[in-house]
Amino acid sequence: MKRKAKYTYITICTALMTLASCHQEELYTGPCDVHFRAYLQEEVSVTRGYAAIGSDVPAFTAELFVSDGTSVHNPGLTWNGSSITGNLQLEQGTYHFYGYMPKQDGATFDPTTKTMHVPTIPGVSATDAMVINPQTLTVDENDQEKTVTLKMDHLMAKITPRIYLNSTYAQMRSIKIKKVEFWVDGGTNTHSASVTYTDDHYSIAWSTGGNVPVTRIVTYETTNPVTLTTTKGEQEYGHCYLCPNQSTENLKMRVTYDVYDTANALTRENAVAENQIKRLTGQTINAGTNYKLNIQIVPTYLYSLSDNDEESLVIND
């Protein structure tokens with residue numbers, strides 16, 4: 001009886017050890033949580049470097065496509081002004097990341113051709129559209145967390161007016177800017193971009209969509225108007241973004257301002273100067289380039305400064 005009891009004890013212990021060993025070999029921690037960090041391309045006219053998004057970048061939601069070559073995940077990716085979040089869990093495998101910002105409805109991605117289609121990009125906008133560079137991430141079997149770095153390139157060009165006052169007129173009147181607006185005369189064309197990826201590169205094919213009703217793009221507005229100086233290139237007033245596929249022939253700008261006499265008395269309120277931006281007419285513009293335009297406000301009829309017949313004109317210089 002003693003020998004039999006001893007034999008039984010050894011058998012049970014061996015079985016328990018075997019079960020524990022199998023459990024360790026087959027340990028699985030579940031899908032890997034993927035975290036994001038993002039960088040934005042700096043202006044091409046200055047440098048082709050990248051800067052981490054920060055508090056100076058407005059909140060946005062990006063369209064993100066994650067493909068293993070056959071299937072495609074479409075998680076959300078949001079920057080709220082202080083942190084970037086995404087809801088993505090991946091099993092073991094190799095994944096490729098594509099996308100753009102800001103998110104809009106109707107975008108698609110074909111994993112077979114590696115082509116992303118982005119519709120209805122406005123011809124002129126208050127928001128800079130950007131495309132996400134391709135990025136690859138490998139998830140191993142027991143990875144619990146991974147971080148992927150996304151770099152975003154400009155899809156749009158930037159238009160920045162630098163407005164100043166005619167020096168002769170400034171001897172008799174001063175002008176304070178209140179609002180600057182941009183639009184494409186006759187309607188705002190919409191555009192579609194087909195972004196095709198090859199390894200770590202991409203190419204863009206543009207096409208033109210239909211017209212939508214004219215929308216004023218307010219890029220600078222203040223309740224405390226700023227007095228113009230006569231120094232060329234000194235003061236910047238707002239900006240807009242222009243699609244490289246958009247014709248520059250009909251891009252216009254409207255400036256709303258108040259006029260004061262030498263005693264700083266208001267002589268004309270909400271004066272308007274509206275002109276085609278001739279400096280860009282017929283020009284091919286490039287994504288990521290900041291076009292800084294020196295624009296002089298030259299009110300006409302300087303020989304007769306009565307408030308009744310005073311008119312205004314914006315002239316490219």
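For the structure, check the block above.
Conventions and cut-offs
Residues numbered from 1 in each chain as written. Predicted model: local features only at pLDDT ≥ 70, side-chain atom pairs only at ≥ 80, totals over all residues. Heavy atoms only, no water. Helix = DSSP H or I, 4+ residues; strand = E, 2+ residues; numbered from the N terminus. Buried < 20%, exposed > 50% of the residue type's maximum accessible area, 1.4 Å probe, protein only. Areas by Shrake-Rupley, 256 points an atom, 1.4 Å probe, with all protein chains shown as cover. Core = buried A, V, L, I, M, F, W, Y, C linked by side-chain atoms within 4.5 Å. Contact = heavy atoms within 4.5 Å. Pairing = 2+ DSSP bridges. Polar contact = N/O pair within 3.5 Å; in protein donor to acceptor, adjacent residues only side chain to side chain. Salt bridge = Lys/Arg side-chain N within 4 Å of Asp/Glu carboxyl O.

A look at the overall build of the protein
When helices and strands are counted, the protein shows 2 helices and 23 strands. A total of 317 residues make up the protein; the buried ones form 41% of that total. With an accessible surface of roughly 16,800 Å², the protein has 48% of that area assigned to carbon and sulfur atoms.

Remarks on the nonpolar core
In globular proteins that are soluble, nonpolar side chains generally tend to be buried together. Core analysis: the largest hydrophobic core is formed by 31 residues, its most contacted members being Ile163, Ile177 and Ile297. Counting residues per element, the ones that place at least two in this core are strand 14 (157–165), strand 15 (174–184), strand 18 (217–227), strand 19 (240–242), strand 20 (251–260), strand 21 (266–276) and strand 22 (290–297). Look past the residues within four positions of isoleucine 163 in its chain and what remains in contact with it is Ile177, Val180, Leu228, Gln235, Tyr237, Val255, Ile295 and Ile297. Leu40, Leu77, Phe97 and Val148 belong to the second largest nonpolar core, which has 26 residues in total.

What about the pairing of strand 10 (residues 115–122)?
Here 3 bridges tie strand 9 (residues 108–110) to strand 10, and the two strands are oriented antiparallel to one another. Counted as the bridge partner of threonine 108 is histidine 117 from strand 10. If you look at the hairpin formed by strand 9 and strand 10, you'll find 4 residues sitting between the two strands, and lysine 114 has a positive phi there, around 55°.

Observations regarding the environment of histidine 191
The topology assignment puts histidine 191 in strand 16 (residues 188–198). The exposure class assigned to histidine 191 is buried, which follows from its relative accessible area of 1%. In this structure the C-alpha to C-alpha distance between histidine 191 and threonine 120, which are 71 residues apart in sequence, comes to 5.3 Å. Of note is the side chain of histidine 191, whose polar atom sits 2.9 Å from the side chain of asparagine 245.

What about the pattern of salt bridges?
Following the criterion strictly, the structure yields 5 salt bridges and no others. Residue lysine 146 pairs with aspartate 143 through a salt bridge whose shortest N-O separation is 3.7 Å. Classification of aspartate 143 as buried rests on a relative accessible area of 18%. Among the salt bridges present, the one from glutamate 274 reaches arginine 254, with a minimum N-O distance of 2.5 Å. On the criterion of sequence distance, the pair formed by glutamate 274 in strand 21 and arginine 254 in strand 20 is long-range, its members being 20 residues apart.

As far as function goes, none of this settles anything; it's purely spatial.
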